[in-house]
Amino acid sequence: MANGQWYPPEWPDRIRALAAGTLTPVTPRRAATVMLLKDTGTGPAVHMLRRRASMAFAGGAYAYPGGGVDPRDDDHQVRWAGPTRAWWADRLGVDQTTAQAIVCAAVRETYEEAGVLLAGETPDSVVGDTTGAGWEADRGALVARDLSFAEFLDRRGLVLRSDLLGAWTRWITPEFEARRYDTWFFVAALPEGQRTRNASTEADHAVWITPGEAAAGYDRGELLMMPPTIATLRQLAAYESAAQALAAAPARDLTPVLATARLVDGEILLSWPGHDEFTKHIPTARTGGGGA
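Residues numbered from 1 in each chain as written. Predicted model: local features only at pLDDT ≥ 70, side-chain atom pairs only at ≥ 80, totals over all residues. Heavy atoms only, no water.

Draft legend 1. Local environment of the packing of helix α4 (residues 133-143) against helix α5 (residues 149-156). Put simply, α4 and α5 touch, their axes get as near as 10 Å, and they point 160° apart. In terms of orientation, α4 and α5 fall into the roughly antiparallel class. Handedness of the crossing formed by α4 with α5: right-handed. In this structure, α4 uses Gly134, Trp135, Asp138 and Leu142 to contact α5, whose residues at the interface are Phe149, Phe152, Arg155 and Arg156. A breakdown of the residues in the contact of α4 with α5 according to their chemical character gives four nonpolar, one polar and three charged. (Axes fitted to C-alpha atoms, helices over the stretch in contact; angles between N-to-C directions. Helix = DSSP H or I, 4+ residues; strand = E, 2+ residues; numbered from the N terminus. Parallel < 35°, antiparallel > 145°, perpendicular 65-115°, else oblique. Left-handed = near helix turned anticlockwise from the far one by under 90°. Contact = heavy atoms within 4.5 Å. Nonpolar A, V, L, I, M, F, W, Y, C, P; charged D, E, K, R; others polar.)

What follows is the structure, given as structure tokens:
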């Protein structure tokens, strides 16, 4: 394949099964991911992780810090700064408890996988260094799910800074995929005084890279990515600073992007609405090589 699009070998058969009505889609799990930005001399860079090749989902692909929503963060009223839960519920298209859990997931995953925490002791502050032994013990408990993020914030006396996040886009994993996620993508700027690190057990490499450089690596087939990742990189490339990208977030359309597979002229057409570069033509019957 000329570019770095992540395309599992089992997809064609699963797409055919879905089109034939013999595959029942699994319910997607709610998730959040964060495009963490920092300004450089050539524009904003984004923090990306390379998933370990051994990972069952998107092994070897470059992605942003992110993961599933913890239902324990639904109903615990955490200390909160920024737009209200009602505002976030309207922005994300969910109820208020779910909105809190999604925002908590975005902040928690950024801390778990990049060591960056969008929270402070007051509504207008952000914590500084989070690399001490006590912080690391708490981070490990979050990763192990021994501690909910709401409990972590309470234990530390911290306020979640929802105003440091901007909701950017929403993608739902295709119906033919075995592992499905309904993912809200957020944008955030690296807080002053904090540093990123590869704290994820699911990644073997972390890098700061400009969206344009990352997209060029994908186009050359050097960087493997899932469609939402390369799509958001192309969108971010238009901005000259992290602040500019954050300022653009409130006007972004959050209509979910969901791939469709339909029969057209004797073949299955796989497409992502609004993203023609990912369109694939799948034979209706398995070919000798079993590929697309």
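Draft legend 2. Just the nonpolar core, in detail. Ranked by internal contacts, the top residues of the largest apolar core, which has 41 residues, are Met48 and Met225. Leaving out residues up to four positions away in the same chain, methionine 48 has contacts with Tyr62, Ala63, Tyr64, His205, Ala206, Val207, Ile209, Ala214, Met225, Thr229 and Leu233. Counting residues in hydrophobic clusters, the runner-up holds 40 residues, among them Val34, Trp88, Leu118 and Ala119. (Core = buried A, V, L, I, M, F, W, Y, C linked by side-chain atoms within 4.5 Å. Buried < 20%, exposed > 50% of the residue type's maximum accessible area, 1.4 Å probe, protein only.)

Draft legend 3. Structural view of helix α3 (residues 96-114). Helix length check: α3, at 19 residues, gives a terminal C-alpha distance of 27 Å against a target of 27 Å (1.5 Å per residue), a fit within 8%. Within α3, 17 of the 19 residues are buried, which leaves the element mostly enclosed by the surrounding structure. (Expected span 1.5 Å × (residues − 1).)

Draft legend 4. Molecular detail of the sheet that holds strand β14 (residues 275-283). Judged by pairing direction, the sheet is antiparallel, and its three strands sit side by side in the order β12-β13-β14 without closing on themselves. The open sheet terminates on both sides in strands that have one partner only, identified here as β12 (260-264) and β14. Sheet twist, expressed as the average angle between the axes of neighbouring strands with direction ignored, equals 25°. Pairing analysis gives five bridges linking β12 to strand β13 (residues 267-272), with the strands arranged antiparallel. Paired with alanine 261 across the strands is leucine 270, a residue of β13. Sheet contacts for helix α1 (residues 11-20): β12, β13 and β14; angle to β13, the most-contacted strand, approximately 105°. (Pairing = 2+ DSSP bridges.)

Draft legend 5. Up close: the pattern of salt bridges. Taken as a whole and judged by the stated rule, the model has 15 salt bridges. Arginine 155 is paired through a salt bridge with aspartate 138; the nearest N and O atoms lie 2.9 Å apart. Residue arginine 155 is found in helix α5, and its partner aspartate 138 is found in helix α4; the two are separated by 17 residues along the sequence. Owing to a relative accessible area of 7%, aspartate 138 belongs among the buried residues under this scheme. (Salt bridge = Lys/Arg side-chain N within 4 Å of Asp/Glu carboxyl O.)

Draft legend 6. Broad picture of the environment of methionine 226. Among the secondary structure elements, methionine 226 is positioned in the loop between α6 (211-219) and α7 (227-236). Residue classification places methionine 226 among the buried residues on the basis of a relative accessible area of 13%. Taking the C-alpha atoms as reference, methionine 226 lies 24 Å from glutamate 240; in sequence the two are 14 residues apart.

Draft legend 7. Local environment of the pairing of strand β8 (residues 165-172). The element β8 is largely enclosed, with a buried count of eight among its eight residues. Note: β8 against strand β9 (residues 181-189), seven bridges, orientation antiparallel. Considered in β9, the bridge of arginine 170 is made with tryptophan 184. Strand direction decides the pairing type here: β8 and strand β11 (residues 257-258), joined by two bridges, are parallel. Along β11, the bridge assignment pairs isoleucine 172 with leucine 258.

Draft legend 8. Layout of the packing of aromatic side chains. Here the structure, examined in full by the defined rule, presents eleven aromatic pairs. Ring geometry for tryptophan 272 against phenylalanine 278: centres 5.9 Å apart, planes inclined by 75°, an arrangement best described as edge-to-face. Phenylalanine 278 sits in the buried class, given a relative accessible area of 0%. By the ring-pair criterion, three or more aromatic residues cluster together here, those being Trp11, Phe176, Trp272 and Phe278. Arginine 156 extends its terminal NZ or CZ atom over the ring of tryptophan 135, reaching a point 3.8 Å from the ring centre. (Phe/Tyr/Trp six-rings, centres within 6.5 Å; stacked < 30°, edge-to-face > 60°. Lys NZ or Arg CZ within 6 Å of the ring centre and 35° of its normal.)

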